[in-house]
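Below are the chains, spelled out letter by letter.
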Amino acid sequence: MQIKSGAYGTMEIARLTGMMTRIACGALCLAGVLAGELAGLGMSGFPTAMAASATKPLLAFSARIAGDRDRTRIVLDFEEKPEFSIHYIAAPDRVVIDLPATAFGFPPEQLAPRGLFRDIRYGTMGEGSARIVLTAIKPVKLALAETQPNENGGFRLVLDAETTTSSDFANLVRSQSWAADTVDPSAPVALEDGARDSVFTVAVDAGHGGIDAGATATVSKTPEKVITLGFAHLLADKLNKLPGVKAFLTREDDTFLSLSERVSVARQHHADLFISLHADTLSQKDIRGATVYTLSDKASDRMAENLAARENLSDELAGFTIQSGPPEVADILLDLARRETQAFSIALADTVVKSFDGQVGLINNPHRQAGFQVLRAPDIPSVLLELGFLSNPEDEKLLLDETWRNRIADLLTSAVDRYRARSLANGG
Ligand SMILES: [Zn+2]
């Protein structure tokens, strides 16, 4: 038995600092993404000028899974030997394998869930790191986790999982030390009391990313994270053309960000507005059109409640240890700020709905409410926009159509402009 652990602390910190530098970097980051994608296609000779923290990703070029509900073996083939660390997370029981930056170049069906695992996810966690999350059907442990050289070059990572008792699993979870390194979303938030600058800053948040692909389009199988990122770039470009407005993206590439990190990034930038972009799926395939959501602990309806519950799973699916929750701060000023922010969020949502009306398909009651974690900034008016539903083929066509996307981005831009004009008229 050979299990390495303890590497998480440095990786987590590297990821967080990487996140901050990524926001500031442009062309170089793009080069890194391109290098990653080319490596994913097997073109590993792409030259890159990236710093050591973002060197050429490892290539996992094939994978296989075998076994049953007592023992399950997973093997991944790499071009080079991967360093890795293993962690366990409870409720639901998960095994997390952290890797350096890795391009997963094999078809998804090679690692379809089976045996002891009911869900398997893998992808980028941040610059320089990738992760595999195995969600188990019952308590498991890795009896073997090691790299072995392949006969014809390269290395394979072999993971043998077997069932274990609940108490043994709980011990595995308890005996590891990584909780101190993760972001603590319950840390008290300090409200800014200094005057904000005159620039109106908009945080554009592309939903999902990295290991969390979001929903999948019915026909084209395009992942939601790709659609939201493309639209976020388009929207930010248009917003940046408005005088006095500065828009930035919470993520600029295919990277995972936890829900609380999205809020933190917006607050660090002193954002005046936060717009989270999504295109989810519903079990009712005939429902289509855009919806604007604002935060409320009581959902406006069942559909909104289910959607928020699914969105809030993002951190869990990516193997985050701490459940994001609202900051528990008993502060009357913060409470007042929250209420004021809420009023502005509702005003923003109404402005967006008005600008879409008659121009873009909207669902019935297009302004809805639910407990979305990503909308919990106490001092930034926030909305979550479902651009359409990937479960509906007509919506999917629109979401992938450049003309439609340009039109909806223009309407959103003018809604933001109108909202801003009104807030300036009211004294900012
Ligand atoms: Zn989504």
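Above: the structure in question.
Residues numbered from 1 in each chain as written. Predicted model: local features only at pLDDT ≥ 70, side-chain atom pairs only at ≥ 80, totals over all residues. Heavy atoms only, no water.

**Structural notes on the overall build of the protein chain**
Inclusion rule: The numbering of helices and of strands both runs from the N terminus, where a helix is a DSSP run of H or I of at least 4 residues and a strand a run of E of at least 2. Note on exposure labels: buried denotes an accessible area under 20% of the residue type's maximum, exposed denotes more than 50%, and partly exposed covers the range between, all computed with a 1.4 Å probe on protein chains only. We call two residues contacting when some pair of their heavy atoms lies within 4.5 Å. Only the protein chains shown count as cover for residues, with accessible areas throughout obtained via the Shrake-Rupley method and a probe of 1.4 Å.
Along the protein chain, the regular secondary structure elements total ten helices and 15 strands. Each of the 428 residues in the protein chain was classed as buried or not, and the buried ones make up 51%. Contacts in the protein chain between residues far apart in sequence, at least 24 positions, make up 77% of those at least 6 positions apart. Accessible surface for the protein chain amounts to roughly 18900 Å². Of this, 54% is attributable to carbon and sulfur atoms.

**Things to note about the pattern of salt bridges**
Selection rule: Counted as salt bridges are all cases of a side-chain nitrogen of Lys or Arg within 4 Å of a carboxyl oxygen of Asp or Glu.
Taken as a whole and judged by the stated rule, the model has 15 salt bridges. Of the charged contacts, one joins R288 and D395 as a salt bridge, the two residues approaching to 3.0 Å between their closest N and O atoms. Highlighted residues: R288 in the loop between β12 (273–278) and β13 (290–295) and D395 in helix α9 (residues 393–399), separated in sequence by 107 residues. Relative accessible area serves as the criterion here: at 34%, R288 is assigned to the partly exposed category. Overall, D395 belongs to the buried group, its relative accessible area being 4%. When the shortest N-O distance is used, the salt bridge between D417 and R420 registers 3.7 Å. Taken together, the residues span about one helical turn, with D417 and R420 both in helix α10 (residues 402–425) at a distance of three residues. Under the relative-accessibility criterion, D417 is labelled partly exposed at 30%.

**Brief notes about the sheet that holds strand β3 (residues 85–89)**
Note the threshold: Two strands qualify as a pair provided DSSP detects at least 2 bridges between them. Angles shown run from 0 to 180 degrees and are taken between the N-to-C directions of axes, each axis being a line fitted to C-alpha atoms and, for helices, limited to the stretch in contact.
Spatially, β3-β4-β7-β6 is the arrangement adopted by the four strands of the open sheet, whose pairing is antiparallel. Both outer strands of the open sheet, β3 and β6 (117–126), are each paired with one neighbouring strand and no more. Strand after strand, the sheet turns through a mean of 20 degrees between neighbouring axes, direction not considered. Alignment of β3 against strand β4 (residues 94–100), held across five bridges, turns out to be antiparallel. Bridging across to β4, H87 finds its partner in V96. Contacting β3 and β4, helix α3 (residues 166–174) crosses the sheet at an angle of about 125 degrees to β3.

**A word on α10**
Here is the rule: Multiply 1.5 Å by the residue count of a helix minus one, and that product is the helix's expected span. N or O atoms within 3.5 Å of each other form a polar contact, as long as, within protein, one can give a hydrogen and the other can take it, and as long as residues adjacent in sequence are counted only when both atoms are side-chain atoms.
The terminal C-alpha atoms of α10, which comprises 24 residues, lie 34 Å apart, in line with the 34 Å expected from a rise of 1.5 Å per residue. Regarding α10, the residues found buried are W404, R405, I408, A409, L411, L412, T413, A415, V416, Y419, R420 and S423. Between a side-chain oxygen at the N-terminus of α10 and the backbone nitrogen of T403 the separation is 3.3 Å; the capping residue is D401.

**Section: the coordination of the zinc ion**
To keep it simple, the criterion reads: Ligating atoms shown are N, O and S within 2.8 Å of the metal, or 3.2 Å for Na, K and Ca, and water is not included, meaning a site may look less than complete.
For the zinc ion, the full set of protein donor atoms is H208 (NE2), E224 (OE), H278 (ND1), D280 (OD) and E311 (OE), at a range of 2.1 to 2.4 Å. Counting gaps between the donor residues of the zinc ion yields the pattern H-x15-E-x53-H-x1-D-x30-E. Taken together, the residues span a long stretch of sequence, with H208 in the loop between β10 (200–206) and α4 (224–240) and D280 in the loop between β12 and β13 at a distance of 72 residues. D280 shares its class with H208; the two are buried.

**Notes on the packing of aromatic side chains**
Defined as follows: Between rings of Phe, Tyr and Trp, where Trp is taken as its six-membered ring, a pair exists when centres lie within 6.5 Å; planes separated by under 30 degrees are stacked, by over 60 edge-to-face, and by other angles tilted.
As enumerated under the stated definition, the model contains six aromatic pairs in all. Judged by centre distance (6.4 Å) and plane angle (55 degrees), the rings of F200 and Y419 are tilted. Placement of F200 in strand β10 and of Y419 in helix α10 is noted, with a sequence separation of 219 residues between them. Grouping residues by exposure puts F200 and Y419 together as buried.

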